[in-house]
Amino acid sequence: MKMPEKRILLATLAFALPMFLGGCERHSKSEQYFLIATNIGLPYWQSAHEGFSRAAALYGVTEDMRGPDTFTPAIEVDEFRAAVARKPAGILVSVSDPSLMGPEINKAMAAGIPVITMDSDAPDSQRLYFIGTNNLEAGRLGGERVASALNGKGNVVFFTMPNQPNLVERLKGYKDVFSNYPGIKIVEVFDMKGQSTAAMDKAQEYLARTGPAKIDAYISLESSSAKDVGEAVKRSKAQGIILMGMDVDQATLELVKEGTVLATISQKPFTMAYLGLKALDDLHHYPLKPLVRDYGSDASSPVPAFVDTGVSLVDKSNVDKFQIGRASCRERV
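Residues numbered from 1 in each chain as written. Predicted model: local features only at pLDDT ≥ 70, side-chain atom pairs only at ≥ 80, totals over all residues. Heavy atoms only, no water.

### A look at the sheet that holds strand β1 (residues 32-36)
Working step 1: Taken in spatial order, the six strands line up as β2-β1-β3-β4-β5-β11 in an open sheet, and their pairing is parallel. Of all the strands in the sheet, just β2 (62-66) and β11 (306-308) have a single pairing partner and so form its edges. With strand direction ignored, the average angle separating the axes of adjacent strands in the sheet is 20°.
Working step 2: Here three bridges tie strand β5 (residues 130-132) to β11, and the two strands are oriented parallel to one another. Its bridge partner lying in β11, F130 is registered against F306.
Working step 3: Along the sheet, helix α11 (residues 269-285) contacts β1, β2, β3 (90-93), β4 (115-118), β5 and β11; its crossing angle with β4, the most-contacted strand, is approximately 170°. (Pairing = 2+ DSSP bridges. Helix = DSSP H or I, 4+ residues; strand = E, 2+ residues; numbered from the N terminus. Axes fitted to C-alpha atoms, helices over the stretch in contact; angles between N-to-C directions. Contact = heavy atoms within 4.5 Å.)

Structure follows, in structure tokens:
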């Protein structure tokens, strides 16, 4: 091979090789991504962390999940601030209180740190977009099942945290359905303040009611209370109680299988966090210019406004499939 031809070949290889190696070369362990949430010890958030860490392992980058073990929005904000101080490549956050977290998201974005919300949104902040469940539709899905089980008539109570955006949307979805059934009465929306034991104590109080004050349906809008409310129902030996859950931790699935819980609604926290890290990585390597902009009202936006990861209703007819799915996921991770 002549010298000029060799030089041309080497120049071509130098240009093309990075294209072939692509993702292998662009990533580094020095790239750090954070997942911020509350109640991070719950199975729901452990599943999310599995998705986040799996995407990080695929790319060869560094990840960390931070947040309080209880529902404490102020501590979540502190963890978010600490993450921002590390100047990470990106942050994925589930917002427990938009009034507290929104300004912090805006500061992070102004500092050039991409922020995406998952599971629970802060739509009035400058976050880039939201990945998670269509919570309004999740509430409607549960509402139709409860209304059917009640035959359109009965007293209903909810267990929730009233200021958390995703739970507010789920409650609205249920109310949308129940508005079509004049015989269904919402007796109380109980603020469990992030403590499933508070839900159990309140359920025991409800279960003592008789006559017209009797509670016919108990609805959990978040993942932790269904198992404890279910335990209260089992201890009381009450008959004909309708209990609706949220999410698919193993304890809730077992209650569905045995019939204590009528049904539960499956989300995809693993998927939310997996897609979240991949999206943040892409934003880190191919930055939006400008980063802070109203992309939601831009018809030519390079990013979506909302990535819907889907929901499913789980009852006795399909609970085995979801139990197998959870086991398979643990084996893969």
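### A look at the side chain of T260
Working step 1: For T260, the position within the fold is in the loop between α10 (250-258) and β10 (264-266).
Working step 2: Not counting residues up to four positions away in its chain, the partners in contact with T260 are G230, K234, L243 and L255.

### Side note on the sheet that holds strand β9 (residues 242-244)
Working step 1: With parallel pairing, the four strands of this open sheet are ordered in space as β7-β6-β8-β9. Because the sheet does not close on itself, it has two edges, and the strands there are β7 (183-191) and β9. Going across the sheet, the axis of each strand differs from the next one's by a mean of 20°, ignoring polarity.
Working step 2: Alignment of strand β6 (residues 153-160) against β7, held across eight bridges, turns out to be parallel. When the sheet's bridge partners are listed, F158 is paired in β7 with V189.
Working step 3: The sheet contacts of helix α6 (residues 135-149) involve β7, β8 (217-220) and β9, and relative to β9 the element is tilted by about 175°.

### As for helix α9 (residues 225-236)
Working step 1: If you check α9, its first and last C-alpha atoms are 17 Å apart, about what twelve residues at 1.5 Å a residue would give, namely 16 Å.
Working step 2: Turning to α9, the residues buried within the fold contact β6, α8 (196-207), β8, β9 and α10.
Working step 3: Positioned one or two residues after α9, K237 has a phi angle of 60°, which is positive. (Expected span 1.5 Å × (residues − 1).)

### Some words on the packing of helix α3 (residues 43-59) against α11
Working step 1: Contact geometry of α3 with α11 gives a least axis separation of 7 Å together with a crossing angle of 35°. Regarding α3 and α11, the two cross each other, and that crossing is right-handed. Taking contact as the criterion, the partners of Y44, S47, A48, E50, G51, F52, R54, A55, A56, L58 and Y59 in α3 are, on α11, P269, F270, M272, A273, Y274, L277, K278 and D281.
Working step 2: Residues that form the contact of α3 with α11 fall into these classes: 13 nonpolar, two polar and four charged. (Left-handed = near helix turned anticlockwise from the far one by under 90°. Nonpolar A, V, L, I, M, F, W, Y, C, P; charged D, E, K, R; others polar.)

### Side note on the packing of aromatic side chains
Working step 1: Scanning the model with the defined rule gives ten aromatic pairs in all.
Working step 2: Plain terms: the ring middles of F270 and Y274 are 6.1 Å apart, the flat faces sit at 15° to each other, and that makes the pair stacked. Here F270 and its partner Y274 are both found in helix α11, four residues apart, which amounts to about one turn of the helix.
Working step 3: Given the relative accessible area of 14%, F270 is considered buried.
Working step 4: Residue Y274 is classed as partly exposed on the basis of its relative accessible area of 22%.
Working step 5: Taken together, the ring pairs connect F159, F190, Y206 and Y218 into an aromatic cluster. (Phe/Tyr/Trp six-rings, centres within 6.5 Å; stacked < 30°, edge-to-face > 60°. Buried < 20%, exposed > 50% of the residue type's maximum accessible area, 1.4 Å probe, protein only.)

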